[in-house]
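Commentary on secondary and tertiary structure
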Amino acid sequence: YNKLWGTESIDLLQCRNVLPTERVEPPKIKLHQDFLDSVNCSSEIFRCTLTKIPESNTLLQKSRLPFGVLIHPFKDLNHLPVIQCSTIVRCRACRTYINPFVYFNDSKRWKCNLCYRVNELPEEFQFDPVTKSYGDPSRRPEVKTSTIEFIAPSEYMLRPPQPAVYLFVLDVSRLAVESGYLNVACNVISEELSRLPGDGRTQIGFLAVDSAIHFFGIPDNVSQPQEMIMLDIDGKIVFTHMLFKFISHVKVYAYQLVFNHQSSNLCADVFLPCPENLIVNLKEREELVRDLLIQLPVKFQGTHDANSALGAALQAAYKLMSPTGGRVTVFQTCLPNIGPGLLQAREDPNGRGGKDVPHLNPVTDFYKRLALDCSGQQIAVDLFLLNCQYCDLATLSGMCKFSGGCTYHLPLFRGSKPQHAETLDKILRRYLTRKIGFEAVMRIRCTRGLSIHTFHGNFFVRSTDLLSLPNVNPDAGFGMQISIEENLSDVQNVCFQAALLYTSSKGERRIRVHTLCLPVVSTLSDILHSADQQCIAGLLSKMAVDRCQQSSLSDARDALINVAIDVLSAYKLSQSAISGGLVSPASLKLLPLYIVALLKCVAFRSGTNTRLDDRVFAMCQLKTLPLFQSIQTIYPDLYPVHALEDRNAKDIDGRLCPQPPRLHLSAEKLDSRGAFLMDTGDRIFILIGKNIHPSFCCNALGVSAFPSIPEELYELPEIETAENERLRNFIFSLQEEKPYPASVQIIRDDSHLRTLFVERLVEDRFENSLSYYEFLQHLKTQVKQ
Ligand SMILES: [Zn+2]
């Protein structure tokens, strides 16, 4: 009976296998009007922590659940209706775009579902060119689908759409050159030049940075790019000379150039040599650009320059990009140690296992202020951090956070290791070729009575609901926390609408609109039984990152534990006849599991040796990954793969992909005679048990027996056997859902590398943290009696 009505309860202490063997599906949204269910926004784009909205703030508080939405607004889509019309129909009062959830009073008027104002329909909207008749607005695509893109008329632009402009800032210090990243990066950039999103107007430029800033002039009618160097003479803040060195012959000019740190605009005083040839049209100068990309890795070989003037280089980048806006891509391998924005190592390596973690916040606002300047000029800054030592990502990441940029981290990168080179190659190819939107803004509107109070993601909040996004990329996720300000008891539904206005790489101004509609309910039981546990875990992870920065790691951990206690207490109070056990509504049965996983993930774990930059990067990820990926990093997917079969296999692109059952993340589920695959989002590990059958070694891995499996194996060999093909197809099906393929690593159970696998079995007891079962017992003592 309870299952039928979706009000099932589960005793978590009794039912230990709470994880479904198949994918955890988002709860279905059931509106009061059935016909609207089929047009609601896809859960891949828009998710709300509650699929039934409490009618009052009091009721929300009783549920003890966080209220918010997660959105993946620029996700790559297979089917996206794009329409071009002379008038985009919007509410005159609140500017909401007409959508499937508005009310039509009659064929001429519609009532806004966010502010309830009645609006006139323009004639064009009423007229159906197919039947040549008036009066049937419901056939319009705007009211048939919740995700739509408009080609914007001229009133949606402040200036002509900007061209695609790309600037690469490359670290060429000693550590950078030793890491060997330059070869990989320059090679991939060169190979993907023709696939960079853009058109005939696309522009490109390069800066190299050590103790000096190296500009590369790419003028017309020359045989080679020309290098110009801005030198830092006294090793500190003041740049006193300007040296122009051409590759063919050397000319020296002297300039007075002083960085004025009192200036309100940090970037005001950077001097640029002949700016017109530093950012050039890609089509016209493609040959020279390729030439430069070949020369760059060679040019700095054997350098002894251990300095990095990143801050000054970013100021120069800002100057170069200001007229157009665009994307700055920074590759950095060491702490910026001279000039403006220099940083010092402040991590204490002996304190990595401590209970509380200092230095999670930036030490200077230099990078944040720079990002805000960039944001004002429609420039986003992306960072590839390939460091072998502490780089203070907590401070450096400010350049991305506030400019709508993104951060990648490849710690201990060694270009000489094929698996490292391959990972950078894959990430960079996706980065360079995925679509991009320029000079974007995103506005989130919600029904009257609701209000957004906190945003999560990389952007600058320009006004209460307007996010400034100098760039928008299809792999970025955002979160918003919502509060209920006015009683909603007289409305049936509430709506959220995200509108993303951007310039496409082809110079078109476009608006992508997503609308999510949710029913309003009046009982606590309804709310708890229809909560979206994955979305809650996703939002909690973002809130916990904020808590770490505003308060402390231990506070954030306590807050996570308290959510589990409070929610289960609220449920207990709402049920009159529960006795004993630890009872949860079925909708929230995974929440304690996700919270245990969060407490043990790189971002929030304590008592485990964790490098500060790794922790900060994990936090950046939780703030910016779309939900599907962040859940996978929090609670990876584990599958047995020693006996894959074709039964239930899924056909993807003509490949038969086996679908093994998912397992709980516990060593209890492993077997020394088996092989187990763990998908953590950006990495796939396959652990091979000691007593694996030799036929698996032979048929799936192509080695005679367990001892012949190489210690380091980063690729599944391709052999012509059914076992091998099934395993490859299964991995293929996992890779299909990712923005770029995860790296695959095969680990022998007797190798020291097994830690990589075992430390993610988050349900087991670790040295300093509770097992899932112990955590449940702790919850039971805390849940109000
Ligand atoms: Zn309105």
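The residue numbering used here restarts from 1 in each chain and proceeds along that chain's sequence as written. Local features in this predicted model are restricted to residues whose pLDDT is 70 or higher, and side-chain atom pairs enter the listing and the counts only when it is 80 or higher, whereas totals over whole chains, interfaces and linings include all residues. With hydrogens and water set aside, each side-chain value is computed from the structure's full complement of heavy atoms.

Moving on, we get to the overall build of the protein. For the purposes of this entry, the term helix denotes a DSSP run of H or I that reaches at least four residues, the term strand denotes a run of E that reaches at least two, and both are numbered from the N terminus. Scanning the protein from N- to C-terminus turns up 21 helices and 31 strands. The principal-axis extents of the C-alpha atoms in the protein amount to approximately 85 × 75 × 55 Å. The buried label applies to any residue whose accessible area, calculated with a 1.4 Å probe on protein chains only, is under 20% of its type's maximum; exposed applies above 50%, and partly exposed to all values in between. By the burial criterion, 59% of the 785 residues in the protein qualify as buried. In what follows, a contact means two residues having at least one pair of non-hydrogen atoms within 4.5 Å. Restricting to contacts in the protein with at least 6 residues of sequence separation, those with at least 24 account for 74%. Counting only carbon and sulfur atoms, one obtains 49% of the accessible surface of the protein, whose full area is about 31,900 Å². Charged residues are defined here as Lys and Arg on the positive side and Asp and Glu on the negative side; His and the ends of the chain fall outside this count. Positions of charges follow a simple convention, taking NZ of Lys, CZ of Arg, CG of Asp or CD of Glu. Averaging the locations of the 82 positively and 84 negatively charged side chains of the protein gives two centres separated by 4 Å. All accessible-area figures derive from a Shrake-Rupley calculation using a 1.4 Å probe, and residue coverage is judged against the displayed protein chains alone.

In this section: the nonpolar core. Among the nonpolar cores identified, the biggest contains 156 residues, and Phe67, Met399, Met480, Phe496 and Phe604 are the most heavily contacted of them. Here this core gets 10 residues from one element, more than from any other, and that element is helix H14 (residues 553-574). Sequence-distant contacts of Met480, defined by excluding residues within four places in its chain, comprise Phe67, Gly68, Val69, Ile71, Met442, Ile444, Ile452, Thr454, Phe455, Leu467 and Leu539. Side-chain atoms within 4.5 Å link the members of a nonpolar core, which is a set of buried Ala, Val, Leu, Ile, Met, Phe, Trp, Tyr and Cys residues.

Here the focus is the packing of aromatic side chains. Each pair of aromatic rings taken from Phe, Tyr and Trp, with Trp reduced to its six-membered ring, is defined by centres within 6.5 Å and is described as stacked if the planes are under 30 degrees apart, edge-to-face if over 60, and tilted in the remaining cases. Applying the stated criterion across every chain yields a total of 15 aromatic pairs. Between Tyr181 and Phe331 the ring centres are 5.5 Å apart and the planes differ by 20 degrees, which places this aromatic pair in the stacked class. Here the residue Tyr181 occupies a position in helix H5 (residues 181-192), and Phe331 occupies one in strand S15 (residues 326-332), the gap between them amounting to 150 residues. The exposure classification of Tyr181 matches that of Phe331, with both residues buried. For the pair Phe459 and Phe478, a centre-to-centre distance of 6.1 Å together with 35 degrees between the ring planes defines the contact as tilted. Of this pair, Phe459 sits in the loop between strand S19 (450-456) and strand S20 (460-463) while Phe478 sits in strand S22 (residues 478-484), and the two are 19 residues apart along the sequence. On the accessibility criterion, Phe459 (7% relative accessible area) is buried. Accessibility expressed as a relative area gives 4% for Phe478, which makes it buried.

What follows deals with the pairing of strand S11 (residues 203-209). Of all seven residues in S11, six are buried; the element is thus mostly enclosed. When DSSP locates at least two bridges between a pair of strands, those strands are taken to pair. Pairing between strand S10 (residues 165-171) and S11: seven bridges, direction parallel. Opposite Val165, over in S11, you have Gln203 as the bridge partner. Judged from the three bridges that link them, S11 and strand S14 (residues 279-281) form a sheet pairing that is antiparallel. Bridging across to S14, Gly205 finds its partner in Ile279. Pairing geometry for S11 and strand S12 (residues 213-217), over three bridges, is antiparallel. For Ala208, the partnering residue across the bridge sits in S12 and is His214.

With water omitted from the atoms examined, metal sites may look incomplete; donors here are N, O and S atoms no farther than 2.8 Å from the metal, or 3.2 Å in the case of Na, K and Ca. Taken together, Cys91 (SG), Cys94 (SG), Cys112 (SG) and Cys115 (SG) make up the protein donors of the zinc ion, found 2.2 to 2.4 Å from the metal. Taken together, the four donor atoms coordinating the zinc ion and their angles of 101 to 115 degrees define a geometry best described as tetrahedral. All donors of the zinc ion belong to a single chain; written as a sequence motif, their spacing is C-x2-C-x17-C-x2-C. Remark: Cys115 occurs in the loop between strand S7 (109-111) and strand S8 (118-120) and Cys91 occurs in the loop between strand S5 (82-84) and strand S6 (103-106); sequence separation between them is 24 residues. Each member of the pair, Cys91 together with Cys115, is buried. Any site counts as irregular unless it has four donors with all angles between 85 and 135 degrees, making it tetrahedral, or four or six donors with opposite ones more than 155 degrees apart and the rest between 65 and 115, making it square planar or octahedral.

Next up on the list: helix H13 (residues 533-550). Taking 1.5 Å as the rise per residue, H13 with 18 residues should run 26 Å; its terminal C-alpha atoms sit 25 Å apart, in good agreement. A large share of H13 lies buried, amounting to 14 of its 18 residues. Helix span is expected to be 1.5 Å times the residue number reduced by one.

Below, the discussion takes up the sheet that holds S7. With antiparallel pairing, three strands are arranged side by side in an open sheet as S6-S7-S8. Among the strands making up the open sheet, the edge pair consists of S6 and S8. In this sheet, adjacent strand axes meet at a mean angle of 35 degrees when their direction is disregarded. In terms of strand pairing, S6 meets S7 through three bridges, oriented antiparallel. For Tyr103, the partnering residue across the bridge sits in S7 and is Lys111. Each axis is a line fitted through C-alpha atoms, taken for helices only over the stretch in contact, and angles between the N-to-C directions span 0 to 180 degrees.

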